[in-house]
Amino acid sequence: MTDKTHANANAGHPASLTVIGHWGAYPGPGEATSCYLLRAEGSAVLMDCGSGALALLQRILPLHEIDAVILSHYHSDHVADLGCLQYAARIDMDLGRRKKPLAVYGHKESAGFHKLSYLEYAKGEGYDASCKIEIGPFSFEFAPMVHPDPSYAIGVRLPGHSTVDSKALVYSGDTGASETLVEFSRGAQILLCETSLYDAYRGKIFGHMSAGEVGETAKRAGISTLVATHLPHFGVHADLLSQATQAFGGDARLASTYMTLGLGSFQWMS
Ligand SMILES: [Zn+2]
Ligand SMILES: [Zn+2]
């Protein structure tokens, strides 16, 4: 594949979510922390850009095809690769492979906001709970969560795909159990939810959820499919899944590298 002959890999791409990184805190070997790729109709958007994400992303699309990054918050496991992605944007623009600066969205409630822009190659923009951001066919909304550093859940709508009243996807970012998350996720097709803790740790670590709390959130919100992510580096993940499933009573899965889900007309793609 040469730069000049490479066609936009996102052109005509069905609306989808691909898990790039699913670890909390630090990446497992050869894997990545929080990073999720949304693609549809020529657009590619990342939600979070954690440690190890860029190496994995390049196996499925060139970095110059990433239009925007939306950050839930500024903890390192969600932003560690952003600086390198900004450098990639510089090199790609200088070489003519990227036409527009990388758009980077984050809230303005922490100092991390000031690192979103990089010369003329990356343009940082603030969001808050009242914002609606349109990128390609995607529409993004935000809700404040429960975390030591301000963190937002990200809601995604696909006009013409989602029903009017529900989102195609809600990504929790990092949060403790939250009534706001239940309401924000109401009726969503997919809840991509941080599941940092086994039930034995329920309520013991502020700002993160146990598997049972995740399942209860999914059940109360009436979502269709639960994907547990931001997984811990101890214990047996199958136990997380069984604890979440027991509380949810619906379709639940553990996130894994390159897991891909169709959005809109829902289907597991891989
Ligand atoms: Zn995190
Ligand atoms: Zn965090």
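In short, a report on the structure. (Residues numbered from 1 in each chain as written. Chains lettered and ligands numbered in written order. Predicted model: local features only at pLDDT ≥ 70, side-chain atom pairs only at ≥ 80, totals over all residues. Heavy atoms only, no water.)

### Thoughts on the coordination of the zinc ion (ligand 1)
Protein coordination of the zinc ion (ligand 1) is provided by Asp77 (OD), His78 (NE2), Asp174 (OD) and His230 (NE2), with donor distances spanning 2.1 to 2.2 Å. With four donor atoms in place around the zinc ion (ligand 1) and angles of 88 to 162 degrees between them, the coordination shape is irregular. Mapped onto the polypeptide sequence, the residues donating to the zinc ion (ligand 1) form the spacing pattern D-H-x95-D-x55-H. Separating the zinc ion (ligand 1) from the zinc ion (ligand 2) is a gap of 3.6 Å, which Asp174 spans by donating to each of them. Within this pair, whereas His78 is found in helix 2 (residues 76-79), its partner His230 is found in the loop between strand 12 (225-229) and helix 6 (237-248), the two being separated by 152 residues in sequence. (Donors = N, O, S within 2.8 Å, 3.2 Å for Na, K, Ca; no water. Tetrahedral: all angles 85-135°; square planar, octahedral: opposite > 155°, others 65-115°. Helix = DSSP H or I, 4+ residues; strand = E, 2+ residues; numbered from the N terminus.)

### Section: the coordination of the zinc ion (ligand 2)
Protein-derived coordination of the zinc ion (ligand 2) comes from His73 (NE2), His75 (ND1), His147 (NE2) and Asp174 (OD), at a distance range of 2.1 to 2.4 Å. If you list the donors of the zinc ion (ligand 2) from N- to C-terminus, the spacing comes out as H-x1-H-x71-H-x26-D. A relative accessible area of 28% places His75 in the partly exposed class. For His147, a relative accessible area of 9% translates into the label buried. (Buried < 20%, exposed > 50% of the residue type's maximum accessible area, 1.4 Å probe, protein only.)

### Quick look at helix 3 (residues 82-94)
In this model, helix 3 (13 residues) spans 18 Å end to end at C-alpha, consistent with the 18 Å of a helix rising 1.5 Å per residue. Three or more residues of helix 3 are buried, namely Leu82, Leu85, Gln86, Ala88, Ala89 and Asp92. Along the axis of helix 3, the buried residues cluster in a sector spanning 160 degrees; they form a single face. As for helix 3, its buried residues are in contact with strand 3 (43-49), helix 1 (53-57), strand 4 (68-70), helix 2, strand 5 (102-107) and strand 6 (122-127). Looking one or two residues beyond helix 3, the residue adopting positive phi is Gly96, at roughly 80 degrees. (Expected span 1.5 Å × (residues − 1). Arc of directions from axis to C-beta. Contact = heavy atoms within 4.5 Å.)

### Some thoughts on the packing of aromatic side chains
In this structure the tally under the stated criterion is eight aromatic pairs. Both rings, one in Tyr87 and one in Tyr118, keep their centres 5.5 Å apart while their planes meet at 70 degrees; by these two values the pair is edge-to-face. Of the two residues, Tyr87 is situated in helix 3 and Tyr118 in the loop between strand 5 and strand 6; the sequence distance between them amounts to 31 residues. Tyr87 gets classed as partly exposed once you look at its relative accessible area, which sits at 48%. Classification of Tyr118 as buried rests on a relative accessible area of 16%. Ring geometry for Tyr127 versus Phe142: centroids 3.8 Å apart, planes at 10 degrees, classification stacked. Note that Tyr127 is positioned in strand 6 and Phe142 in strand 8 (residues 138-144), a separation of 15 residues in sequence. The pair Tyr127 / Phe142 is uniform in exposure class, with both members buried. In this structure an aromatic cluster arises from ring pairing among Tyr87, Tyr118 and Tyr121. Seen from the ring of Phe184, Lys167 lies directly overhead, with NZ or CZ sitting 4.1 Å from the centre. (Phe/Tyr/Trp six-rings, centres within 6.5 Å; stacked < 30°, edge-to-face > 60°. Lys NZ or Arg CZ within 6 Å of the ring centre and 35° of its normal.)

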